[in-house]
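# Close look at the chain arrangement
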Amino acid sequence: MRFIGNKVNIVDKIYGILEKNNINGNSIFDFFSGTTSVSKYFKIKNYQVISSDLMYFSFVLQKAYIENNERLTFTTIIEKFDLKSSSLFIYPLVIVLDFLNKLPGIDGFIYKNYTLGGTKNLDKPRMFFSDENGKIIDAIRTKIEEWNRNNLISRSEYFVLLACLIESVSFYANTSGVYSAFHKNWDPRAIKKFKIRPIETLINNKANKCFNTNSTNLLEEVETDIFYLDPPYNQRQYAPNYHLLETIALYDQPNIKGVAGLRDYQHQKSSFCNSISGLKDLDYICKYGKYKFLAMSYNSEGIMPRNEIIKIMEKYGEVKLEEFNYLRYKSNNNGESQNKKFIQEQLYILKKLWIKI
């Protein structure tokens, strides 16, 4: 999934740095889970993973990838609709997705608010999805909710289907990767017919747990060997950039406003989008978190100064900073930094040894 700050391309590098510095264990708390790329990586490495995020769409991905630990059978749906496959080697999930892909489109919330046809009366009609794809997304999302409401799918099956839908959306959205704006002309992939795709099932037989909350609320109940933090680096909040994924995940028909059709996100603002409140919360996490090691990903253009981050961490143990070049996410190529292709990725490592009062 296209997502600002997504660590999918560098998580292996991060893991190598942690290993080199003897930062390891059996459990990890992914503090800002996002698209779950770090959580998935450590689940594959056989860690018990605890993950959390303020965004509900992230929680859906966490439930599907991290907490779920089995290949789901979708027995009730398959039997009810007599769904069959010509091959014995096709997973039940794929059979169910094939059924969803054949649903006729409907004029639902996504079509009415985020397609050219549905918003033609606006001064600036929205072009997030083609008319056809908006209707297909509505049909699939409505059917998943109907199945859930009628107890035709388990909670795990529900979250896996939602995760498949959320992951698939990014392949057909007429955007550069974030949903704060849409292209004025159609991206070639946005006019292809929408198809919901299966996600990967990860199994490690650990008691992985997921949360949809501010992770600082969990410091009393979560104890792991490693805390991994990947907070926002600048003043731009994540919620408005991914409002459309949030709306598809919740499908709550929210009041929306503005050219992009934003939902209210006041309860989803991160303190780390302000340097003062970010440093304050970092200090709180370092002090009260129950961990042996804390690792925080940041970068050289982050709003929290390097010396202030180190100053805070040094109150609680031994600190090391590792840096390496990283290709900039293209949606961040703006302002004074628009000509910089690479940024300096930073990994702050804290080995907790003491607490100074």
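Read on for an overview of the structure. (Residues numbered from 1 in each chain as written. Predicted model: local features only at pLDDT ≥ 70, side-chain atom pairs only at ≥ 80, totals over all residues. Heavy atoms only, no water.)

## Quick word on a nonpolar patch on the surface
On the surface, Leu116, Trp186 and Ile191 cluster together to form a nonpolar patch covering roughly 260 Å² of accessible area. Relative to the assigned elements, Leu116 resides in the loop between α6 (109-114) and α7 (131-149). With a relative accessible area of 34%, Leu116 lands in the partly exposed category. (Patch = residues over 30% accessible without salt bridge, like charges linked within 9 Å, V, L, I, M, F, W, Y side chains within 5 Å. Areas by Shrake-Rupley, 256 points an atom, 1.4 Å probe, with all protein chains shown as cover. Salt bridge = Lys/Arg side-chain N within 4 Å of Asp/Glu carboxyl O. Helix = DSSP H or I, 4+ residues; strand = E, 2+ residues; numbered from the N terminus. Buried < 20%, exposed > 50% of the residue type's maximum accessible area, 1.4 Å probe, protein only.)

## A word on the nonpolar core
Counting residues in each nonpolar core, the largest one holds 84 residues, and the members touching the most others are Phe42, Leu100, Ile110, Phe129, Leu161 and Phe194. Ranked by the residues each element gives to this core, the list is headed by helix α8 (residues 155-169), at ten residues. (Core = buried A, V, L, I, M, F, W, Y, C linked by side-chain atoms within 4.5 Å.)

## Some remarks on the environment of Lys43
Its location among the elements puts Lys43 in helix α2 (residues 37-44). Residue classification places Lys43 among the buried positions, given a relative accessible area of 1%. Measuring from C-alpha to C-alpha, the distance between Lys43 and Ser58 comes to 16 Å, with 15 residues separating the pair along the chain.

## Points about helix α1 (residues 11-20)
Taken together, the buried positions of α1 are Val11, Ile14, Tyr15, Ile17 and Leu18. With its buried residues spanning 160 degrees around the axis, α1 presents them on a single face. Exposed positions of α1 whose direction lies more than 90 degrees from the buried face are Asp12 and Lys20. Positive backbone phi, approximately 60 degrees, marks Asn22, located one or two places after α1. (Arc of directions from axis to C-beta.)

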